[in-house]
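Architecture at a glance
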Amino acid sequence: NYTRRWDERARPLPDNVEWVTHFEAGKYDLAILNVDQQCSSPNMNKAILPKQMKQAIEETDPACPIIFINHATPDGTRETEYISEILKKEILDIVDGRPMVVNSHQAAKDWGYGHPIIHGMDPEFFKPREDTIKEPRAVTFITGAGVGDKYYNRSYLVAVIEELREKYGIKLHWVNMDGNFCAKNFKEYSEFIAGSAVYFNPTFASPMPRSRTEAMLYECAIITTPQHDADTFIKDGYNGFIVPHNNVEYTAKLIDYLVKDGYKLAVEMGKNARKTAIEKFSPERYRDDWISFLKEHKIL
């Protein structure tokens, strides 16, 4: 079903996108194929689509350039460094020397290959309504399943949730998980995030999580782990805080402060977070990075 429809619950279909179900030779200037670390899993068959698409293009339209976007990182996916090296080889064998875009500078380093292009987002699309009231609450939004625990660092998140509940009497809202706020559509999701004072990102190996950037644009103060370039745009006390990885006590204490005594500071940091996101994650910069990349590889 994922290949046959656009899920409007996540995002409206952009006006400049045409949804197709098959490749037509001679019709396209560029093919962008997608991979992540799960393409190495023998139980998911996730690599079938990019492999078949690559083969179809090579056989029917060899003049069409192919670029890969690798949405993930090898770290935190497998239990040992040895198996992680096997994973890297399996993914890079699929890419087979073609240009590969990754989502952070650390991801390029981890893969040992790839060109980082950091996402860009329209600040007018991700914008709080003028009548938005910031509630003194903390929120997070990461997937509840898939990959390994270390990748999204769910055990750290759960430990922080428990520490906040038991020690401080605070609920950290894990959106769309049981017992928490569940958004029926994008409008409900965006309004809930925009109405929250603090956003917590616990991830270890997820490169440049979009939900964190969305929260910045929705004027949330950001508490985040330091991985994947976070220290290049999150400044302690200005737009958020970078927390020591897996330090549950420190993280919970900081969240408690920001939703209680430090609420006014959280609101001010949220405004600064939006300013930072508009500057760091502008769609204009994103477009220019892609144009530069395509020119570098003689596609434009």
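See the structure shown above.
Residues numbered from 1 in each chain as written. Predicted model: local features only at pLDDT ≥ 70, side-chain atom pairs only at ≥ 80, totals over all residues. Heavy atoms only, no water.

**Points about the sheet that holds strand β5 (residues 135-140)**
Judged by pairing direction, the sheet is parallel, and its five strands sit side by side in the order β6-β5-β7-β8-β9 without closing on themselves. For this open sheet the edge positions go to β6 (172-174) and β9 (240-242), each flanked by a neighbour on one side alone. Between one strand and the next, the sheet's axes are offset by a mean angle of 25 degrees, whatever the strand orientation. When strand β7 (residues 196-201) meets strand β8 (residues 221-224), the two strands line up parallel, connected through four bridges. Looking across to β8, one finds that asparagine 201 is bridged to threonine 224. (Pairing = 2+ DSSP bridges. Helix = DSSP H or I, 4+ residues; strand = E, 2+ residues; numbered from the N terminus. Axes fitted to C-alpha atoms, helices over the stretch in contact; angles between N-to-C directions.)

**Topic: helix α5 (residues 154-168)**
Helical geometry: 3.6 residues make up each α-helical turn, so side chains three or four residues apart lie on a common side. Helix length check: α5, at 15 residues, gives a terminal C-alpha distance of 20 Å against a target of 21 Å (1.5 Å per residue), a fit within 8%. Those residues of α5 lying buried are Arg154, Tyr156, Leu157, Val160, Ile161, Leu164 and Tyr168. End-on, the buried residues of α5 take up no more than an arc of 165 degrees, which puts them together on one face. Turning to α5, the residues buried within the fold contact β5, α4 (149-152), β6, β7 and α8 (248-259). (Expected span 1.5 Å × (residues − 1). Buried < 20%, exposed > 50% of the residue type's maximum accessible area, 1.4 Å probe, protein only. Arc of directions from axis to C-beta. Contact = heavy atoms within 4.5 Å.)

**Description of the state of the cysteines**
Tallying each qualifying case throughout the model produces zero disulfides. Free cysteine: cysteine 64, not disulfide-bonded; nearest cysteine sulfur from cysteine 39 at 19 Å. Looking at cysteine 220, it has no disulfide partner, and the nearest cysteine sulfur is the one in cysteine 182, 18 Å off. Note on cysteine 220: relative accessible area 0%, which makes it buried. (Disulfide = S-S within 2.5 Å.)

**Here we look at the packing of α8 against helix α9 (residues 263-280)**
Put simply, α8 and α9 touch, their axes get as near as 5 Å, and they point 95 degrees apart. When the axes of α8 and α9 are compared, the pair comes out roughly perpendicular. Of the residues in α9, those touching α8 at Tyr257, Leu258 and Val259 are Tyr263, Leu265, Ala266 and Met269. When its residues are assigned to classes, the contact of α8 with α9 shows seven nonpolar, no polar and no charged. (Parallel < 35°, antiparallel > 145°, perpendicular 65-115°, else oblique. Nonpolar A, V, L, I, M, F, W, Y, C, P; charged D, E, K, R; others polar.)

**Examining the pairing of strand β1 (residues 31-35)**
Every second residue of β1 is oriented toward a common face, the buried set being Ala31, Leu33 and Val35 and the non-buried set Ile32 and Asn34. As judged from the five bridges shared by β1 and strand β2 (residues 66-70), these two strands associate in the parallel manner. Its bridge partner lying in β2, isoleucine 32 is registered against isoleucine 67.

**Topic: the nonpolar core**
Counting residues in hydrophobic clusters, the biggest one holds 30 residues, and the most contacted among them are Leu164, Leu172, Val198, Phe200, Ile223 and Leu258. If you list the elements that add at least two residues to this core, you get α4, α5, β6, β7, β8, α8 and α9. The leading source of residues in this core is α5, at six residues. Setting aside anything within four residues of it in sequence, one finds leucine 172 in contact with Ala138, Val139, Thr140, Leu157, Val160, Ile161, Leu164, Asn180 and Phe200. Counting 24 residues, the second-largest nonpolar core is a separate cluster that includes Met216, Cys220, Phe233 and Ala277. (Core = buried A, V, L, I, M, F, W, Y, C linked by side-chain atoms within 4.5 Å.)

**Observations concerning the sheet that holds β2**
The strands that make up a sheet pair up through hydrogen bonds in the backbone, lying either parallel or antiparallel. Spatially, the four strands line up as an open sheet ordered β1-β2-β3-β4, and their pairing is parallel. At either margin of the open sheet sits one strand with a lone partner, and together these are β1 and β4 (115-116). Together, β1 and β2 form the strand contacts of helix α1 (residues 48-60), whose direction differs from that of β1 by roughly 155 degrees. Against the sheet, helix α10 (residues 283-296) engages β1, β2, β3 (100-102) and β4, with an angle of about 135 degrees to β2.

**A look at the pairing of β7**
With six of six residues buried, β7 lies mostly within the body of the structure. Sheet topology places β5 next to β7; three bridges connect them, and they run parallel. Bridge assignment links valine 139 to a residue of β7, and that residue is tyrosine 199. In this fold, β7 hands off to helix α7 (residues 210-217), which returns the chain to β8; that crossover is right-handed. (Right-handed = clockwise from strand over helix to strand, strands pointing away.)

**Quick notes on the pattern of salt bridges**
Taken as a whole and assessed by the stated rule, the structure comprises 15 salt bridges. Two residues, glutamate 124 and lysine 127, come together in a salt bridge whose shortest N-O distance is 3.4 Å. For glutamate 124, a relative accessible area of 52% gives the class exposed. Its relative accessible area of 42% is what places lysine 127 among the partly exposed residues. Close ionic contact of glutamate 166 with arginine 165 constitutes a salt bridge, the shortest N to O distance being 3.7 Å. Residue classification places glutamate 166 among the exposed positions, given a relative accessible area of 63%. Overall, arginine 165 belongs to the partly exposed group, its relative accessible area being 47%. Put simply, Arg129, Asp131, Lys187 and Glu191 are held in one network by salt bridges that share partners. (Salt bridge = Lys/Arg side-chain N within 4 Å of Asp/Glu carboxyl O.)

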